[in-house]
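Chain by chain, the residues:
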Amino acid sequence: MNLVLETKNIVKRFDGVHAVDHLSIGFEQGKITSVIGSNGSGKTTLINLLSGMMEIDSGAVIVSDQELQTVYAPAVPELGVTRTFQDALELVCVLVDKH
């Protein structure tokens with residue numbers, strides 16, 4: 001198994017609420033992985049942690065043998081990890097439709 005992205009017991013809390021609680025998961029090269037869950041289950045928080053946009057409270061996010069806690073967030077895309085925002089896509093679609 002060739003993991004390109006991995007988490008080890010990551011935790012993120014907001015005022016005592018566990019948004020992500022000791023999550024360990026690996027993402028294999030060449031495979032599509034989905035993150036599903038109900039509203040408020042921590043999906044967006046997980047994506048923010050994986051992309052370096054938010055610091056984890058404990059645990060590790062590892063990309064290319066480098067922990068993201070030690071990487072400046074704007075440098076994370078250079079490691080091959082990035083994210084998009086739904087609202088930006090919707091805005092582009094609206095602008096394209098109107099012109």
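Conventions we followed
Residues numbered from 1 in each chain as written. Predicted model: local features only at pLDDT ≥ 70, side-chain atom pairs only at ≥ 80, totals over all residues. Heavy atoms only, no water. Pairing = 2+ DSSP bridges. Helix = DSSP H or I, 4+ residues; strand = E, 2+ residues; numbered from the N terminus. Contact = heavy atoms within 4.5 Å. Axes fitted to C-alpha atoms, helices over the stretch in contact; angles between N-to-C directions. Salt bridge = Lys/Arg side-chain N within 4 Å of Asp/Glu carboxyl O. Buried < 20%, exposed > 50% of the residue type's maximum accessible area, 1.4 Å probe, protein only.

1. Brief notes about the sheet that holds strand β4 (residues 66–67)
If you trace the four strands from one edge of the open sheet to the other, you get β2-β1-β3-β4, paired in antiparallel fashion. Both outer strands of the open sheet, β2 (17–28) and β4, are each paired with one neighbouring strand and no more. In terms of strand pairing, strand β1 (residues 3–14) meets strand β3 (residues 58–63) through five bridges, oriented antiparallel. The residue bridging Glu6 from the neighbouring strand is Ile62, located in β3. The sheet contacts of helix α1 (residues 43–50) involve β1, β2 and β3, and relative to β1 the element is tilted by about 120°.

2. Examining the pattern of salt bridges
Counted by the stated rule, this structure contains one salt bridge. With its nearest N and O atoms 3.6 Å apart, the salt bridge here joins Lys12 to Asp57. You can see Lys12 sitting in strand β1 and its partner Asp57 sitting in the loop between α1 and β3, a full 45 residues away along the chain. Judged by its relative accessible area of 11%, Lys12 falls in the buried class. Its relative accessible area of 38% is what places Asp57 among the partly exposed residues.

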